[in-house]
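Chain residues, written in single-letter form:
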Amino acid sequence: DTGVSQNPRHKITKRGQNVTFRCDPISEHNRLYWYRQTLGQGPEFLTYFQNEAQLEKSRLLSDRFSAERPKGSFSTLEIQRTEQGDSAMYLCASSLQGPGGAFFGQGTRLTVV
Amino acid sequence: AQTVTQSQPEMSVQEAETVTLSCTYDTSESDYYLFWYKQPPSRQMILVIRQEAYKQQNATENRFSVNFQKAAKSFSLKISDSQLGDAAMYFCAYRAPRGDDKIIFGKGTRLHILP
């Protein structure tokens with residue numbers, strides 16, 4: 001296992017279009033997280049999963065954002081009707097439940113034009 | 001709600017010197033986990049060091065060590081013998097042990113290493 005993998009690495013889209021990102025976690029990890037990060041800021045929590053169950057979705061997240069982890073393995077994050085304010089780095093991380101930290105992927109950089 | 005605060009947006013240190021990055025947090029939990037993450041420019045976030053709140057001994061990983069003051073809710077990172085490769089954003093993070101156990105990050109400290 002080579003770690004957390006995110007695809008695509010970069011995405012440029014026109015305002016109003018839908019985009020979908022994929023995250024493949026470390027295989028034995030039951031926790032999967034999505035974060036958003038803008039330049040010079042810390043990761044902002046979006047949502048997380050325990051296996052296929054979505055445990056929490058940030059109240060800051062609009063209804064245009066949805067995430068799934070259908071079989072408890074990979075996850076997708078979809079943004080509908082993208083806006084310029086959605087431009088950011090979207091980070092995925094995975095972990096085991098417990099004291100260990102999470103391991104991050106390289107992120108997907110979204111640019112909305 | 002738990003919060004993590006890093007009050008130093010940027011810091012600089014001379015190569016080979018020691019630097020300490022500050023972090024405070026707020027929680028009503030007695031047991032939790034704390035982490036420091038490093039994010040080099042345009043690169044992946046990596047875990048540097050972690051501390052379990054029930055352990056009194058401060059964690060150490062090679063040149064990286066923490067000063068964990070539970071009563072003060074303080075968790076600082078000390079980098080000894082700073083190297084050019086230590087230049088990065090450093091994020092302090094908190095995680096509860098159960099229940100609402102998402103990882104919460106501070107806003108980060110950008111560390112510059114001066115040759």
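Residues numbered from 1 in each chain as written. Chains lettered and ligands numbered in written order. Predicted model: local features only at pLDDT ≥ 70, side-chain atom pairs only at ≥ 80, totals over all residues. Heavy atoms only, no water.

Enquirer: Whenever I open this one, the state of the cysteines confuses me. Can you help?
Expert: Note: disulfide means a covalent bond formed between the sulfur atoms of two cysteine side chains. The tally for this structure, following the rule as stated, stands at two disulfides over all chains. Bridging A:C23 to A:C92, the disulfide has an S-S length of 1.9 Å. Torsion about the S-S bond of the A:C23 and A:C92 cystine: about -70 degrees, corresponding to left-handed handedness. Of this pair, A:C23 sits in strand β3 (residues 19-24) while A:C92 sits in strand β9 (residues 88-95), and the two are 69 residues apart along the sequence. The buried category is assigned to A:C23, whose relative accessible area is 0%. On the basis of relative accessibility, which here comes to 0%, the residue A:C92 falls in the buried class. Here B:C23 pairs with B:C92 through a disulfide, and the sulfurs are 2.0 Å apart. Between B:C23 and B:C92, the disulfide has an S-S torsion of -70 degrees and is therefore left-handed. Of this pair, B:C23 sits in the loop between β3 (19-21) and β4 (24-26) while B:C92 sits in strand β10 (residues 88-95), placing them 69 residues apart in sequence. (Disulfide = S-S within 2.5 Å. Helix = DSSP H or I, 4+ residues; strand = E, 2+ residues; numbered from the N terminus. Buried < 20%, exposed > 50% of the residue type's maximum accessible area, 1.4 Å probe, protein only.)

Enquirer: Teacher, can you tell me more about the interface of chain A and chain B here?
Expert: How big an interface is tends to be stated in terms of accessible area lost as the parts join. Listed as interface residues are 24 residues of chain A and, on the opposing side, 20 residues of chain B. Roughly 1800 Å² is buried in total at the junction of chain A and chain B, and carbon and sulfur atoms are behind 49% of that figure. For chain A, the biggest contributors to the area lost against chain B are A:P43, A:P99 and A:F104; these three give 28% of the whole. Taken together, the links from chain A to chain B amount to two salt bridges. B:K102 is paired through a salt bridge with A:E56; the nearest N and O atoms lie 3.1 Å apart. (Contact = heavy atoms within 4.5 Å. Buried area = accessible area lost by both parts, 1.4 Å probe. Salt bridge = Lys/Arg side-chain N within 4 Å of Asp/Glu carboxyl O.)

Enquirer: Help me understand the environment of B:R50, please; the structure alone is not making it clear to me.
Expert: Take B:R50: it is sitting in strand β6 (residues 46-52). On a C-alpha basis, the gap between B:R50 and B:E17 in space is 23 Å, while along the polypeptide they are 33 residues apart. Other than its neighbours up to four places away in sequence, B:R50 contacts A:P99, A:G100, A:G101, B:L34, B:F35 and B:A59. Side chain to side chain, B:R50 and B:E52 meet in a polar contact 3.1 Å long. (Polar contact = N/O pair within 3.5 Å; in protein donor to acceptor, adjacent residues only side chain to side chain.)

Remember that the coordinates give geometry; whether it matters functionally is a separate question.
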